[in-house]
Amino acid sequence: MKLPPHIKGLVFDCDGTLADTMPLHWRAWQIVTQKHGLQFPIDRFYAYGGVPSRDILRTLAKEQHKSIDHIAVAHEKETTYLETLSQVTPVHAVVEIAMENHGKLPMAVASGGSQDIICMVLDHLKIKHLFGAIVTNEMVVNQKPAPDIFLEAARRIGVDPKDCRGYEDTELGLQAIRSAGMEAVDVRTML
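Notes on the structure in this doc start here. (Residues numbered from 1 in each chain as written. Predicted model: local features only at pLDDT ≥ 70, side-chain atom pairs only at ≥ 80, totals over all residues. Heavy atoms only, no water.)

Attention shifts here to the packing of helix 3 (residues 53-63) against helix 4 (residues 70-82). Where helix 3 contacts helix 4, the axes come no closer than 8 Å and their chain directions differ by 125°. In terms of axis orientation, helix 3 runs oblique to helix 4. Taken as a pair, helix 3 and helix 4 cross one another with a handedness that is right-handed. Facing S53, R54, L57 and R58 of helix 3, the residues of helix 4 in contact are H70, I71, V73, A74, K77 and E78. (Axes fitted to C-alpha atoms, helices over the stretch in contact; angles between N-to-C directions. Helix = DSSP H or I, 4+ residues; strand = E, 2+ residues; numbered from the N terminus. Parallel < 35°, antiparallel > 145°, perpendicular 65-115°, else oblique. Left-handed = near helix turned anticlockwise from the far one by under 90°. Contact = heavy atoms within 4.5 Å.)

Shown next as structure tokens:
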């Protein structure tokens, strides 16, 4: 895929964009929310794509008047998800773009996931080396749909956000890319 000449850097979300992880995350969410008596319908799961687990859990607990340690339960959810790491597969259409541009353009990952887990996923897929920066939820204050994570990714690869193209699979993520001043690509249209 030929990129327009003004594009000087690429920024990719990970879950659902580079890695086909969303069904595995959904399974982990079902196990953990049922255990803790929380309602979390699938449409809401997809609407929260890109939001850190701890923030989702804090919101669900508050809305449903449940008393949980949202940090501990977020760790529990991630541990449950990691048990399925061997089942993670690449989103081939998107990974091909990254592979085609490796060594030609600076590239970064901008994910609402945690650093440890995103790095494990990228290592599992054998694509971590493609990216000059991996920016995750611990590295910014404001999460998607705020532009912070994409702005930080552009800063770390040394490319002005207006010269970057961002790839995402969720509405919140696409909103964050556009708010950062980047060109946005909805990978769902490529699949």
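Attention now goes to the nonpolar core. Judged by nonpolar contacts, the single largest core of 33 residues is most densely connected at L10, F12, L18, V121, L122 and F131. Listing elements by their share of this core, those giving two or more residues are strand 1 (9-12), helix 1 (22-35), helix 5 (92-101), strand 4 (107-110) and helix 6 (115-124). Looking at this core element by element, the count peaks at five residues for helix 6. Within the second largest apolar cluster, 17 residues are counted, among which are V11, I149, A154 and A176. (Core = buried A, V, L, I, M, F, W, Y, C linked by side-chain atoms within 4.5 Å. Buried < 20%, exposed > 50% of the residue type's maximum accessible area, 1.4 Å probe, protein only.)

Turning next to helix 4. Its 13 residues give helix 4 an end-to-end C-alpha distance of 18 Å, which sits within 8% of 18 Å, the value for a rise of 1.5 Å per residue. Within helix 4 the residues assigned to the buried category are H70, V73, A74, K77, E78, T80 and Y81. All buried residues of helix 4 lie within an arc of 160° about the axis, which places them on one face of the element. As for helix 4, its buried residues are in contact with helix 1, helix 3 and helix 6. N-capping of helix 4 is provided by D69, with a side-chain oxygen placed 3.1 Å from the backbone N of I71. (Expected span 1.5 Å × (residues − 1). Arc of directions from axis to C-beta. Polar contact = N/O pair within 3.5 Å; in protein donor to acceptor, adjacent residues only side chain to side chain.)

Across the interface, helix 1 lies against helix 4 with an axial gap of 8 Å and an inter-helix angle of 135°. Classed by the angle they form, the pair helix 1 and helix 4 counts as oblique. The two elements helix 1 and helix 4 cross, and the hand of that crossing is right-handed. Listed contacts from helix 4 to L24, H25, A28, W29, I31, V32 and K35 of helix 1 are V73, E76, K77, E78, T80 and Y81. For the contact of helix 1 with helix 4, the per-class residue count stands at seven nonpolar, two polar and four charged. (Nonpolar A, V, L, I, M, F, W, Y, C, P; charged D, E, K, R; others polar.)

Take it as geometry only, folks, not as evidence of what the structure does.
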